[in-house]
Amino acid sequence: MAYHSIKLQLAAIALSLCAPALAAQVDRYVCNCLSGAQSGCAAGSNSNDGSTPALAKQTLTTVAANERWYFCKGGSFTQTWSGSAWNVSTLANPVTATSYTAWAGGTNKPLITATATNDGNEVFRITSAVGLTVDGLDINGGKTNNAPAVYIGPASASVAPSRITVQNTNMRGFGHGAYCTRLDGTPGSKSPTFIRLLDNRITDNVEGLLVGCDDALYEGNYLYNNGNGSSLHNIYVDNSSSRVTFRNNWIEKQGRDQACIGTSFVGHGSHTDLVIEYNRVIETLAAGDGGCYGIQISYGGYAPVGFTRLQVRGNIVVMAGGGSTGIEVNDCVDCVVEDNLVYMPVTADVTPIGFFVGGENNGRPQSIRAIIRNNTVYTTGGNPPDHKGYWVTGPSGGTYQFYGNAYYSTSASASPYCWRHSGSAVSTVFGTFDYNICYRAAGQSNWSDLYATMSAQQSAGTCLNCKNTNPLLVQPTVDNNWTAKLNSGSPAIDAGHPSLSGPTDQAGCPIQNGRRDMGAFERGC
């Protein structure tokens, strides 16, 4: 488990120990049967008090502290309440919006159709609530809504939401599925804290998630077909944040039915302790102008800018069609990029790059003290000659560590590079550059932009334990869950760095036989 994850959980436990004893929540029931309701739906009545399922109300208009509102499964509602109504939730008297089974045929999540189309009256506008939980709803904006389904942001310089959980909920057809931001969106200003978005389905929005809040966890979410116009992102980490984790999310198809020209998971601005781990990013759209990116953590025009203690770990990025870059990391300090797989079955006229780590050469400091280890790049097809498995640039001083990485290409292109350094001498940029494996099935023509062959680099004193042989990777497919494990007899088995490799592989499997394999996957698990 990541160190950051442990810190986040310990902080949550500490807060729970300090929390006051909670009174039992007051249950309220509501059931409406507008268009889209399942057969058998029976609407409640606003003459009822909503205290039991038999006395359900038909519409919800107000919310009181310590209430738990149940929407009937299979029912259909329009928003009849102010989005700010939920801010009555406090730590001592929390509020919940969830669902209940009103009849046997009512199985769908309660459908809530937004009526406001602009910012200010979202279905959930959370600006001061503490302890609010949203669970098991289906919130629909109809693809004409510019507002987010869920907005989480400070009410003032001294008041911000905290302990907000949104889980098992659909957010579709909005400007954003969820938008979490600090005051005025500026670094250092008041931020919501302890935000959790868990196991949600976020689809068909202009952007899936636009987030820049502290102490947040985004885990187990399914994001599909989010992005429109110039905002071609499933996830956008914006402005500034501290202690944020994205884990085990399935992220697919940026662009809302457009070409592959954006970035599915992008982060810009200034962020500390950002963790991106064990996510799957799947892009299948045809290429647009220049192709698209899987994960990109970079400058983006912000000031200040930088990513301190960034961790990009165990992600699987599949760029099937128009992908140009799998994972890009710029402007990071003390960052770790490890155990990731980039699979690029290129079918378009783009230049595939597995990993880009460094800086954008525009006057700002490049990344320093970066560890890039035990990653795998697997590319097929592609017409341009300038394939790159790993493009790594940095300042002099030996601040980069690059080891245990694997690259395999079936391209017939004349000159793919295993690694590209933009002319920077390996001995001055890298403290360690060794125990890597690279192989081109059609025959190796360029080991790197500095050395034509592996032997030439070894003669210069680096990569002494590298290999230029077929790593015998299993080709990633949907049937093997997009993994590139090692076949029996692979020269990468037990050939990783003997002392610096990470303790587990992409799937969390521990080291076998006392020594780590090259690449992201440990043989024998």
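Keep in mind that what you see is a predicted model, and the values were worked out from it rather than measured. (Residues numbered from 1 in each chain as written. Predicted model: local features only at pLDDT ≥ 70, side-chain atom pairs only at ≥ 80, totals over all residues. Heavy atoms only, no water.)

### Re the environment of T245
Put simply, the rule reads: Labels follow the DSSP assignment, with helices taken as runs of H or I lasting at least four residues and strands as runs of E lasting at least two, numbered in each case from the N terminus. The buried label applies to any residue whose accessible area, calculated with a 1.4 Å probe on protein chains only, is under 20% of its type's maximum; exposed applies above 50%, and partly exposed to all values in between.
Relative to the assigned elements, T245 resides in strand β19 (residues 240-247). Exposure remark for T245: the relative accessible area of 1% places this residue in the buried category. Considered as a pair, T245 and V275 are 30 residues apart in the sequence and their alpha carbons are 4.6 Å apart.

### Some details on the packing of aromatic side chains
What counts, and what does not: Note on aromatic contacts: the rings of Phe and Tyr and the six-membered ring of Trp form a pair at centre separations within 6.5 Å, being stacked when their planes are under 30 degrees apart, edge-to-face when over 60 apart, and tilted otherwise. Charge-over-ring placement is defined geometrically: NZ (Lys) or CZ (Arg) within 6 Å of the ring centre, and within 35 degrees of the ring normal.
On inspection of all chains with the given rule, the structure shows 26 aromatic pairs. Plain terms: the ring middles of Y408 and Y439 are 6.2 Å apart, the flat faces sit at 10 degrees to each other, and that makes the pair stacked. Taken together, the residues span a long stretch of sequence, with Y408 in strand β37 (residues 406-409) and Y439 in strand β40 (residues 437-440) at a distance of 31 residues. Taken together, the ring pairs connect F355, Y390, Y400, F402, W419, F430, F433 and W447 into an aromatic cluster. When the ring centre of W391 is taken as reference, the NZ or CZ atom of R420 above it lies at 5.3 Å.

### Considering the nonpolar core
What counts is decided by this rule: Residues grouped as a nonpolar core are buried Ala, Val, Leu, Ile, Met, Phe, Trp, Tyr and Cys residues, joined through side-chain atoms within 4.5 Å. By definition in these notes, contact holds between two residues if any of their heavy atoms fall within 4.5 Å.
With 96 residues, the main nonpolar core has F71, W86, F124 and L310 as its most contacted residues. Apart from the residues within four sequence positions on either side, F71 is in contact with V30, L60, F77, W81, A97, T98, S99, Y100, P110, I112 and L137. Ranked by size, the runner-up nonpolar core spans 19 residues in total, among them Y343, Y408, Y435 and I437.

### Describing the state of the cysteines
So the rule is basically this: Here, two cysteine sulfur atoms that lie within 2.5 Å of each other are counted as a disulfide.
Enumeration according to the criterion identifies 7 disulfides in this entry. The disulfide partner of C31 is C72, and the gap between their sulfur atoms is 2.2 Å. With the S-S dihedral at roughly 80 degrees, the linkage between C31 and C72 falls on the right-handed side. Placement of the pair is C31 in the loop between β1 (26-30) and β2 (67-72) and C72 in strand β2, with a sequence separation of 41 residues. A sulfur-sulfur separation of 1.9 Å characterises the disulfide bridge that pairs C332 with C335. On the accessibility criterion, C332 (0% relative accessible area) is buried. With a relative accessible area of 1%, C335 lands in the buried category.

### Digging into unusual backbone geometry
Of note in the backbone geometry, N248 takes a positive phi value of approximately 55 degrees without being a glycine. Mapped onto the secondary structure, N248 falls in the loop between β19 and β20 (250-252).

### Structural notes on the pattern of salt bridges
What counts here: Basic side-chain nitrogens of Lys or Arg form a salt bridge, by our definition, when they fall within 4 Å of a carboxyl oxygen of Asp or Glu.
One pass over the full model with this rule turns up 15 salt bridges. Note that R369 and D334 form a salt bridge whose closest N and O atoms lie 2.5 Å from each other. Placement of R369 in the loop between β32 (353-358) and β33 (371-373) and of D334 in the loop between β29 (332-333) and β30 (336-338) is noted, with a sequence separation of 35 residues between them. Looking at R369, the relative accessible area reads 43%, which means it is partly exposed. For D334, a relative accessible area of 33% corresponds to the partly exposed category. We note a salt bridge from R373 to E338, for which the minimum N-O separation is 2.7 Å. Here the residue R373 occupies a position in strand β33, and E338 occupies one in strand β30, the gap between them amounting to 35 residues. Where salt bridges share partners, they join E219, R247, E277, R313, E338 and R373 into one cluster.

### With respect to the confidence of the model for the protein
Inclusion rule: Confidence of the prediction at every residue is given by pLDDT, a number between 0 and 100.
With 87% of its residues at a pLDDT of at least 70, the protein reaches an overall mean of 88. This stretch, residues 1-8, has a pLDDT under 50; its non-local contacts, to residues over four places away or in other chains, come to 17 contacts.

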